[in-house]
Amino acid sequence: MLPSSQTWARLLSTVFPFITLIGTIGVFLPAFGWFPALGFQSFSLEPWHTLLSTPALGTMVAKTLFTGIAATVIALLLALIFVVTCWNTRLWKATERTLAPLLAIPHSALAIGVLFLLSPSGFVSRLLSGPMEWNRPPDILTVNDPYGFSLILTLILKEAPYLVLVLIAAVRQSPVTRLLTVGRSLGYTPLQCWLKLVWLQLYPKIRLSIFIVLAFSLSVIDVSLIIGPALPPLLPVQILQWLQSPNIEMHLPAAAASVLLLGLVLFAAVLWMATEFVIKKAFKSWLTAGYRGNSKALMVNSGRSLWLFTLFTAVASLLFVVVWSFAWRWRYPDILPSVWSLKVWGRYFPRVIDPLFTTLSLATASTVFGLALSIFFLEALPQTRNIRKNLVTSSFYLPLLLPQMTFLLGIHTVLLTLRLDGLWITVMLSHLLFVFPYCYLNLAGFWRQYDQRYTQAGLLLSGSRVKTFIRVKLPILLPSLLTTLALGIAVSTALYLPTVMMGAGRLETLTTEAVALSSGGNRRVLALYAVMQQLLPVFFFATALLLPRWLFRHRKDMLR
Amino acid sequence: MSLELIDINLSIEGRTLLHDFSLTVANGETVSIMGPSGCGKSSLLGYLCGSLAPGFKASGEIYVRAENVTHLPMEKRHIGLLFQDDLLFPHMSVGENLAFALPRGLSRKIRQERISQALESAGLPDFHNADPASLSGGQRSRISLMRTLLAEPRALLLDEPFSRLDADLRQRFRSFVFETIREQNIPALLVTHDMQDCNGRIITLADTHAKTGVAHA
C-alpha cells in the first residue's frame, strides 16, 4: 500500500461514526423547533409541549421500555440456559447448524411467521380449535396485543439465537473443559461450575452484543408495526407515524420524541449496568459460600427442552409462511390447507419483481462498498492494539448501539435541507451505515486468523505487494469474503427504517412492502413477500457455502 | 488403606494400557507413577477422578477411605486434583479462589480463619485481595495446591504439577507439596516423567506400544 493510504484510512474510518454522531446531534435542532427546510426558523420548546401533551405518551414510553427490556432479559436467560444445559450435546451441534440461516432471515419475515402462528386464525388456534370446540377464530388479541407480549416473543425468537451465536464463539475461546474439571474436582456439580466459573468469564465477552440487542429491542420499528401494540403504538412507531403524517408540523414533535427515545435507550443501558453492579455485589458471597449444588436431571432436561422449543418455534413460524404461499384454500379449523396450489406464485409474483430488484440493487451495492471499505481499513489501518485503534473499531459499533430512529432522523433533516432524500444513492448509503460495521467486524476476525507468512512468502516470490494481495491473500480468504458478502446482503435486505425514511417512500423493497402488507387482509401475498425475504439471504448464504467447495474441490486444505 | 485401586484395566482402540493394575496408597504417602508419554499414566488419573476422555475402555474398582467411588460422578468422589497449570480462576481474587473450595456451612469467622491459615501456609499472608494475575508462577502453584486442599479431599492426584516451574522453584514447591501431604495425612498419586519429582514409592509403566502393557510395581 502507498504510504498515504494509512492517512486516508484514518480519515475515512471516522466518516461513519461522524455521520452517526452528526445525526444524533442534528436531531436536537428540529426537536427544539429549528428546521429551515420546512420553514421553522426559530428555536422554541413548542415541539416538547406538543410531545408532552400527546395522549397516552406515558403508556407508550412505559410499554416501549417494558417490551425492550423484557425481550432482552428473556433472550439472555434463554441463551444462558442453552449454554449451561446443552454443552457437549447433539442439540449444541444442531443449534450451531440452525443459527446461521435463522439469523440471516430478516426480523420482519420472522414477525410475519409469528403472526401466522399466533393470530386468532393462526396455527396454534387451529390446533386448539378441536379441544376448545371453536368453529370461528376466537375473539382474542393474540397478536398486536396491548402489552406487546407477541412483540416480546418475536424479539426473543430472533435475539436469543443471536446471543447464542455470540456465546458459542465465546465458549470456543474459553477453557470450558478445564474449568469444569477443576470445579467438579472441588465438589461442584456441572451446573454450579457453569454458573460460577464459566458464565462469569463468558459474560464480559458478550456484553457489547447484549447492549446491541437492548438498543435494537427498544427502538425496533418494522417488527413492532407487524406484531406490536397498535392503539397506542410503541414510541418508535408513533414517531414514524408523525413523520409520515401529511401535517409537516408533526416533524418537530417527532424529532423531540426521537430525542426522548435516545434518552430511553441510554436510561435502559444505565439501568442494565446498575443491575449488573447490584447482582455482582449480591452474588459475591454466593459465589464463594461453598454451595456445591445437587444435580437435578429434571432441571437440565427442562432447560434443554425450553431451548429446543424456542428453536422449533422460530423454524416452524418461518415454515408456516412458506405453507401460506402455497395455500389456495385453507378454511379456519383446518390444520393444513385443503387445496394447495402454485396460483399465488403465478398470480402475484410479477408484483414482487420490482421490489426484488430494488432490494437486490441496494443490497449488492451497499455490501460491495461495505466489503471494499472493510478490506481497505483492515489492510491500511495500522495493525496495532493500542487505545486509538480500539476507539476507532468501537466507534464502528455506534450505529448498532444508538436507536436508528434518532440518528436517521437527524441525518434525514440534513438531507431534506439539501433535497437529497428519495434518491436510490441516498438509500444505498444509508444501508451502508449498517452494512459496513457488520462486514468489518465479521472480516476482522478472519483477517486476524490469516497466516501472515503466506503474504511474506508471496512477497519474496513475486516482489509485488499488489500481486501478493490479489493472488495470495484474497483467494485464501475467499470463503470468508463470500460469507461476509452474504451477511451484508442479509443485513441490507432486512433494513426497514433507512429505506422508508431516506427513500421518502419512493423506493419499495421486499421488506418495506411486506411490512406495509402485514396490516392488510391478503395473507397469501404477504406470505409471498415474506418467503422472498427468506429466500434472498438463504440463497446468498448457500452460495457462499457451496461456491468455495466447488472452486476448491481439488484443494483439500482450503475446505477445512 | 486410604486409596485403593483394584484390578484396573484401561485400553483405547484395542490397545491395552493397564492390565489388572492394583495399588494401595497409605495416608500421608505419595506414590509416583512414571513412564513415557502415551503409556496411560494420565488416563489412569482421568479414570480415578472421573474425567476419562470418551474413547477409553476402563474397568476396576476405586476405593477412597473404604468407600467405593467407582461409579460416582466426579464431584462426589472427594478426590482433589493438582494440574500442570494452576488454573486459578481469573475472575476471583486470591482469597476468593480459596474460599471457593471451602465446604459449605462454615461460619464466617471459621472461613476467614481457614483462608488466612492457607495463605499463611503458602507463604502469602497478605495476598487475600490480590489479583491472581499479579502472582508469580511459584506463588500461583502454592495457592492452587492450597485451594485443592481446602476442599478437604480424601485423596490427591497430581498430574505433573511441577513441570511448568523452573528448576529452582521446582525444588522448593516439590518439598512444599510433599510436606503438606504428610501434614494433611492423605494418600497422593503423582504422575510425572521426571525421576527427580518422585518421593517414596515409584511405579514405572511400560511403553504400551510394545502391545504388552503390564504394570510392574
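Residues numbered from 1 in each chain as written. Chains lettered and ligands numbered in written order. Predicted model: local features only at pLDDT ≥ 70, side-chain atom pairs only at ≥ 80, totals over all residues.

Asks: Just to check I follow, could you spell out the overall build of chain A for this structure?
Replies: When its secondary structure is counted, chain A shows 26 helices and four strands. Compactness check: chain A gives a C-alpha radius of gyration of 25 Å against a globular reference of 24 Å for 560 residues, within 12% of the reference. Seen through its principal axes, chain A has C-alpha atoms that stretch 65 × 60 × 55 Å. In chain A, which comprises 560 residues, the proportion classed as buried is 44%. Pairs at least 24 residues apart make up 79% of the contacts formed inside chain A by residues separated by at least 6 positions. (Helix = DSSP H or I, 4+ residues; strand = E, 2+ residues; numbered from the N terminus. Rg over C-alpha atoms; globule rule 2.2 N^0.38 Å. Buried ≥ 20, exposed ≤ 12 C-beta atoms within 10 Å, placed from the backbone. Contact = placed C-beta atoms within 7 Å.)

Asks: What is the right way to read helix α16 (residues 343-380) of chain A from this model?
Replies: Residues three or four positions apart in an α-helix share a direction because the helix packs 3.6 residues into each turn. With 38 residues, α16 of chain A should cover 56 Å at 1.5 Å per step; its first-to-last C-alpha distance of 53 Å lies within 8% of that length. Where α16 of chain A bends most, at Phe349 of chain A, the angle is about 55°, and the proline Pro350 of chain A comes one to four residues later. (Expected span 1.5 Å × (residues − 1). Bend = angle between axes of the 7 residues up to and from the residue.)

Asks: Honestly, the sheet that holds strand β4 (residues 56-64) of chain B in this entry has me stumped. Any pointers?
Replies: Strand pairing in a sheet takes place through backbone hydrogen bonds and is either antiparallel or parallel in direction. All names here are of chain B. Pairing in this open sheet of four strands is antiparallel, and the strands run β2-β1-β4-β5 from one edge to the other. Edge positions in the sheet fall to β2 (15-25) and β5 (67-68), since each of these pairs with one other strand and no more. Here strand β1 (residues 3-12) runs beside β2; their pairing, made up of seven bridges, is antiparallel. Bridging from a neighbouring strand, Ile12 pairs with Arg15 of β2. The sheet strands contacting helix α1 (residues 41-49) are β1, β2 and β4, and the helix crosses β1 at an angle near 120°. (Pairing = 2+ DSSP bridges. Axes fitted to C-alpha atoms, helices over the stretch in contact; angles between N-to-C directions.)

Asks: What's the story with the pairing of strand β6 (residues 79-82) of chain B in this structure? I'm lost.
Replies: Residues in a regular strand project their side chains so that they alternate between the two faces of the sheet. Residues and elements named next belong to chain B. The two faces of β6 match: Ile79 and Leu81 on one face and Gly80 and Leu82 on the other face are all buried. In the sheet, β6 pairs with strand β7 (residues 155-159) via four bridges, with the strands oriented parallel. The residue of β7 that forms the bridge with Leu82 is Leu158.

Asks: Would you mind going over the sheet that holds β7 of chain B with me for this structure?
Replies: Residues and elements named next belong to chain B. One open sheet holds the five strands; their spatial order is β6-β7-β8-β3-β9, and the pairing between them is parallel. Since the sheet does not close on itself, it has two edges, and those belong to β6 and β9 (202-204), each with one partner. Strand-to-strand twist in this sheet, taken as the mean axis angle between neighbours without regard to direction, amounts to 20°. Against the sheet, α1 engages β3 (30-34), β6, β7 and β8 (188-191), with an angle of about 150° to β7. Each of β6 and β7 touches helix α4 (residues 137-150); the most contacted strand, β6, lies at about 170° to it.

Asks: Honestly, the nonpolar core in this entry has me stumped. Any pointers?
Replies: Where a protein is soluble and globular, its nonpolar side chains tend to be buried together. All names here are of chain A. Ranked by internal contacts, the top residues of the largest apolar core, which has 207 residues, are Ala79, Ile112, Leu163 and Val321. Taken domain by domain, this core gets at least three of its residues from each of domain 1 (1-30 + 341-560) and domain 2 (32-324). When sequence neighbours within four positions are dropped, the list of residues in contact with Val321 reads Ala109, Ile112, Gly113, Phe116, Ala527, Ala530 and Val531. (Core = buried A, V, L, I, M, F, W, Y, C linked by C-beta atoms within 7 Å. Domains from an automatic or database assignment.)

Asks: Is there a simple way to explain the domain arrangement of chain A in this structure?
Replies: Interface size is commonly expressed as the accessible area that is lost once the parts come together. Residues and elements named next belong to chain A. Domain assignment breaks chain A into domain 1 (1-30 + 341-560) and domain 2 (32-324). The straight-line distance from the C-alpha centre of domain 1 to that of domain 2 is 24 Å. If you look at the interface, domain 1 gives 37 residues, while domain 2 gives 40 residues. Listing elements by their share of the side of domain 1 that touches domain 2, those giving two or more residues are α3 (28-31), α18 (398-401), α19 (404-417), α23 (478-494), α25 (510-518) and α26 (523-551). Broken down by element, the side of domain 1 that touches domain 2 gets its largest block of residues, 11 residues, from α26. Looking at the side of domain 1 that touches domain 2 residue by residue, the class counts come to 25 nonpolar, 10 polar and two charged. (Nonpolar A, V, L, I, M, F, W, Y, C, P; charged D, E, K, R; others polar.)

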